[in-house]
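Observations on chain architecture
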Amino acid sequence: MQQAVVAKAAMQISALLSASLRRVHVSQVRTTWVLKRKYDDVVPLAKYGRHSRLRANTYVYEAVEYRNIKPLPDIEVILAQDIEGYGQKGEIVAVKRNLARSKLLPTGLAMYASPENIEEFAIKKEEIVEEVEDTGQTPTGALTAEQLKKMNLTIPMSKHREWLLNKSHVRIAFRNSGVEVPESCITLPERPVTKPQEFSVGVTVNGVDTVQVHCLIQPWSRDMTENEEFVKPPVWVRNKTKTKIKKLPL
């Protein structure tokens, strides 16, 4: 009687275990650890045909690398169009994997930098160079000119003293905004600037194109409480009508 009760209980436990295992979702997980022995001199030598007697220290390892959390390198792609902030058409640039696979490659803005594609774009690059020689402006210079058109240059000048704007003031204001412009490339307005106002200065890029940069005089005082009234505009004004990569259809 007692044996029958034990057998029945065992069958019930087995049924419960099998039912619970069926509800468990089993999925393969790939994890790679790179290990090395902590003690290299603990593996004893053995005679030919015999196995070494391993010690406890032989099984002590140190983790060298966990490849699952190692960031993957960027992907090199060839730009099929001019993309602001990344490069010009035909250039090979390295971008994040998610950006390349979700935005650039599906929409045709770029392609993989394979040997075949590089050879194909090498021919097109020669055509671009010929076009640059005809116009006299480089692709980087054209991009610089477009960026300068979107710039708001704030020039601080004294609030209590008389002054006359010169090229040195404009050059220093450019440098404070993160742009290096030689004085020889700056063209001041025809009328002298002697008071706070809005105006434009010309900047010549590579001696070819001259773009107008919007400027604003900021009355500045050593007493910082007097400077709180001035609201400084953003340095860079983005063109909202231009297509952005993040808004392209997939």
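Refer to the structure printed above.
In this report, we go over the structure that sits alongside the text. Bear in mind the structure is a predicted one, so any value in this text is a computation, not a measurement.

Criteria and thresholds
For every chain, the first residue of the written sequence is number 1, and numbering continues from 1 onward in sequence order. Per-residue local features of the predicted model are confined to residues with pLDDT of at least 70, and side-chain atom pairs are confined, for both listing and counting, to 80 or more; whole-chain, interface and lining totals are unaffected and use all residues. Side-chain numbers come from the whole structure's heavy atoms, not from hydrogens or water. Under the scheme applied here, a residue whose accessible area is under 20% of the maximum for its type counts as buried, over 50% as exposed, and between as partly exposed, the area being computed with a 1.4 Å probe on protein chains only. Only DSSP runs of H or I reaching four residues or more are called helices, and only runs of E reaching two or more are called strands; each is numbered from the N terminus. To be clear, the arc concerns the directions from the helix axis to the C-beta atoms. Throughout, a contact is declared for two residues whenever any of their heavy atoms are within 4.5 Å. Strands qualify as paired when DSSP identifies two bridges or more between them. Structural elements are reduced to axes, namely lines fitted to C-alpha atoms, with helices fitted over the stretch in contact, and the angle between N-to-C directions of any two is expressed from 0 to 180 degrees. Here, nonpolar core means buried Ala, Val, Leu, Ile, Met, Phe, Trp, Tyr and Cys residues that are tied together by side-chain atoms lying within 4.5 Å of each other. We define a polar contact as two N or O atoms separated by no more than 3.5 Å, with the added condition that, inside protein, one atom must be a possible hydrogen donor and the other a possible acceptor, whereas residues neighbouring each other in sequence contribute only through side-chain atom pairs.

1. Points about helix α2 (residues 97–104)
Among all positions in α2, only Leu99, Ala100, Lys103 and Leu104 are buried. Buried residues of α2, seen end-on, are gathered within an arc of 110° and therefore sit on one face of the element. On the buried face of α2, the contacting elements are β3 (75–79), β4 (92–95) and β5 (110–112).

2. Some remarks on the sheet that holds strand β7 (residues 186–187)
Judged by pairing direction, the sheet is mixed, and its four strands sit side by side in the order β6-β9-β8-β7 without closing on themselves. Sheet topology places β6 (152–158) and β7 at the edges, where each strand pairs with a single neighbour. Judged from the eight bridges that link them, strand β8 (residues 198–205) and strand β9 (residues 209–220) form a sheet pairing that is antiparallel. Bridging from a neighbouring strand, serine 200 pairs with histidine 214 of β9. Seen against the sheet, helix α5 (residues 167–176) touches β6, β7, β8 and β9 and runs at an angle of roughly 125° to β6.

3. Concerning the nonpolar core
Among the nonpolar cores identified, the biggest contains 23 residues, and Leu148, Leu153, Ile155, Leu165 and Phe174 are the most heavily contacted of them. Every element with two or more residues in this core is listed here: α4 (139–149), β6, α5, β8 and β9. Beyond its immediate chain neighbours, meaning those up to four positions away, leucine 165 contacts Ile155, Met157, Val170, Leu188, Val193, Phe199 and Ile217. The next biggest cluster of nonpolar side chains, apart from the first, holds twelve residues, and it includes Ile83, Val95, Leu99 and Ala100.

4. Thoughts on the side chain of serine 221
Along the chain, the position of serine 221 falls in the segment after β9. Of the residues examined, serine 221 reaches a relative accessible area of 5% and is grouped as buried. Separated by 3.4 Å, the side chains of serine 221 and histidine 160 make a polar contact. With residues up to four places along the chain from it excluded, the contact list for serine 221 reads Lys159, His160, Glu226 and Asn227.

5. Points about the sheet that holds β4
Strand pairing in a sheet is mediated by backbone hydrogen bonds. Such pairs are either parallel or antiparallel. Within the open sheet, the three strands sit side by side as β4-β3-β5. Their pairing is antiparallel. The open sheet has two edge strands, β4 and β5, and neither has a second partner. In this sheet, adjacent strand axes meet at a mean angle of 45° when their direction is disregarded. As paired elements, β3 and β5 share three bridges and run antiparallel to each other. If you follow isoleucine 78 over to β5, its bridge partner there is methionine 111.

6. Observations regarding the pairing of β8
Bridging between β7 and β8 involves two bridges; their strand directions are antiparallel. Bridge pairing in β8 links threonine 187 to glycine 202.

7. Some details on the side chain of asparagine 117
Residue position: asparagine 117 is located in helix α3 (residues 115–135). A distance of 3.1 Å separates the side chain of asparagine 117 from the side chain of serine 114, its partner in a polar contact.

Everything listed here is a matter of coordinates, which is why it stays silent on function.
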